Protein chains: 2
Amino acid sequence: MSDEAIFRLDHRLASDTTTVGVLVLSRVLLMNDSRYPWIILVPQRAGLVEWSDLGVADRHLLLDEAVVVGEVISRLWEVDKINTASLGNMVAQLHVHIIGRRHGDPAWPGPVWGRGEALPYEPVAQSSLVATLRKELGCL
Amino acid sequence: MSDEAIFRLDHRLASDTTTVGVLVLSRVLLMNDSRYPWIILVPQRAGLVEWSDLGVADRHLLLDEAVVVGEVISRLWEVDKINTASLGNMVAQLHVHIIGRRHGDPAWPGPVWGRGEALPYEPVAQSSLVATLRKELGCL
């Protein structure tokens, strides 16, 4: 296997998040911003940028994993809407944001990106949340 | 069939776009904003808000249709990135944005929503673009 074929998490995604675990296809990351329930899925395949870079089966799997994440967010938090998005303008590596939105949250009804400063979790709260998410998602 | 089960396009989506045609599942809309190649897919089922409201087969089909739209955008325009997103904070009816982004476009590298005023197409250019999109997408 050549170096190019090894999955590596983009350094910016790594620095903005904490790892929850892995699903069949995706690494599950919790955005370190307690203003929103905000999870990022990164399919663990090298060289992906667009959805069209995934084969059909993996594409469907990534969507299924995103739907499960959205359902878990809706169970754990009171949210009014799930935002699901892959933008990739800042970080090219294919990743999917799943964000629970509430009427009156700091960016409502606009999108969350680039709005104000992230409000990091307290370490204890973050650890507890990660443990809960791992359990709810059945993450490895 | 009850009234509630009839698909109706949200009036705001209708007023911001022009219809390109229909795919197997989705109505294809061209956002009336020439600043970006910007297409919206609306699955033609009543009462949908979240991806999780779709059955698995329809969910996969909606994603496949979104991927095809992204590929057509990439063929017709010079774009650096495809943004794919379902937010639904303004319009609850489930819809998927597929937007071709370019380095240096008016919102780059931020998201497009809520940035400046839409720049409507000239009618002739819009008609021509709709015809091209219908052909490329194989729309009815």
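Residues numbered from 1 in each chain as written. Chains lettered and ligands numbered in written order. Predicted model: local features only at pLDDT ≥ 70, side-chain atom pairs only at ≥ 80, totals over all residues. Heavy atoms only, no water.

**Student:** Would you explain the environment of B:Leu129 in this entry?
**Tutor:** Residues and elements named next belong to chain B. The residue Leu129 is located in helix 3 (residues 123-137) in this model. For Leu129 and Phe7, which are 122 residues apart along the polypeptide, the C-alpha to C-alpha distance reads 26 Å. What Leu129 contacts, discounting residues up to four positions off in sequence, is Leu30, Trp77 and Tyr121. (Helix = DSSP H or I, 4+ residues; strand = E, 2+ residues; numbered from the N terminus. Contact = heavy atoms within 4.5 Å.)

**Student:** What is the right way to look at the pairing of strand 5 (residues 96-101) of chain A in this model?
**Tutor:** The side chains of a regular strand alternate between both faces of the sheet. Residue and element names in this part refer to chain A. Of all six residues that make up strand 5, six are buried, and the element is covered over most of its length. Across the two faces of strand 5 the burial is the same, with Val96, Ile98 and Gly100 and His97, Ile99 and Arg101 all buried. Pairing of strand 3 (residues 38-43) with strand 5 involves four bridges; the strand directions are antiparallel. Within strand 5, the residue paired with Leu41 across the bridge is Val96. Summarising the sheet, strand 4 (residues 81-86) and strand 5 pair through five bridges and their orientation is antiparallel. Residue pairing for strand 5: Asn83 is matched across the bridge by Ile99. (Buried < 20%, exposed > 50% of the residue type's maximum accessible area, 1.4 Å probe, protein only. Pairing = 2+ DSSP bridges.)

**Student:** So what exactly am I meant to see when it comes to the nonpolar core here?
**Tutor:** The biggest cluster of nonpolar side chains holds 58 residues, and the ones touching the most others in it are A:Trp51 and B:Trp51. Sequence-distant contacts of A:Trp51, that is, excluding residues within four places in its chain, are made with A:Arg59, A:Leu62, A:Leu63, A:Ser86, A:Leu94, A:Val96, B:Leu63, B:Val67 and B:Thr84. Counting residues in hydrophobic clusters, the runner-up holds 32 residues, among them A:Met31, B:Phe7, B:Leu87 and B:Trp113. (Core = buried A, V, L, I, M, F, W, Y, C linked by side-chain atoms within 4.5 Å.)

**Student:** Any chance you could explain the layout of surface pockets here in plain terms?
**Tutor:** Over the atoms rolls a probe the size of a water molecule, and in doing so it shows where empty space is left. Counted as a void, the largest pocket has a volume near 660 Å³. Forming the boundary of the largest pocket are 30 residues, of which B:Arg12, B:Trp38, B:Met90, B:Trp113 and B:Gly114 lie nearest the centre. At the level of elements, helix 1 (11-16) and strand 3 (38-43) of chain B are the ones that each hand at least two residues to the lining of the largest pocket. Of all the elements, helix 1 of chain B adds the most residues to the lining of the largest pocket, at three residues. Of the residues assigned to the lining of the largest pocket, the class counts are 14 nonpolar, nine polar and seven charged. Taken together, 27 residues form the lining of the second largest pocket, with A:Arg12, A:Asp16, A:Met31, A:Trp38 and A:Trp113 sitting closest to its centre. For the lining of the second largest pocket, the secondary structure elements donating two or more residues are helix 1 (11-16) and strand 3 of chain A. Looking at the lining of the second largest pocket, the element that brings in the most residues is helix 1 of chain A, giving four residues. The residue inventory of the lining of the second largest pocket, partitioned by class, reads twelve nonpolar, nine polar and six charged. (1 Å grid on protein atoms, 1.4 Å probe; cavity = no way out; pocket = protein on both sides within 12 Å on 5 of 7 lines; lining within 4 Å. Points joined across faces, edges and corners; volume = space filled by probe spheres on them. Nonpolar A, V, L, I, M, F, W, Y, C, P; charged D, E, K, R; others polar.)

**Student:** Is there a simple way to think about helix 3 of chain B in this case?
**Tutor:** For the α-helix, the turn length of 3.6 residues means that residues three or four positions removed from each other point alike. Residue and element names in this part refer to chain B. Here helix 3 contains 15 residues, and its C-alpha end-to-end distance of 21 Å stays within 8% of the 21 Å for a straight helix at 1.5 Å per residue. Taken residue by residue, helix 3 has Gln126, Leu129, Val130, Leu133 and Leu137 as its buried positions. Here the buried residues of helix 3 occupy an arc of 105° about the axis, which is enough to place them on one side. Facing away from the buried side of helix 3 by more than 90 degrees, the exposed set consists of Val124 and Lys135. Looking at the packing, one finds that the buried side of helix 3 touches strand 1 (17-22), strand 2 (26-31), strand 3 and helix 2 (56-76). Trailing helix 3 by a residue or two, Gly138 shows a phi angle of about 65°, which is positive. (Expected span 1.5 Å × (residues − 1). Arc of directions from axis to C-beta.)

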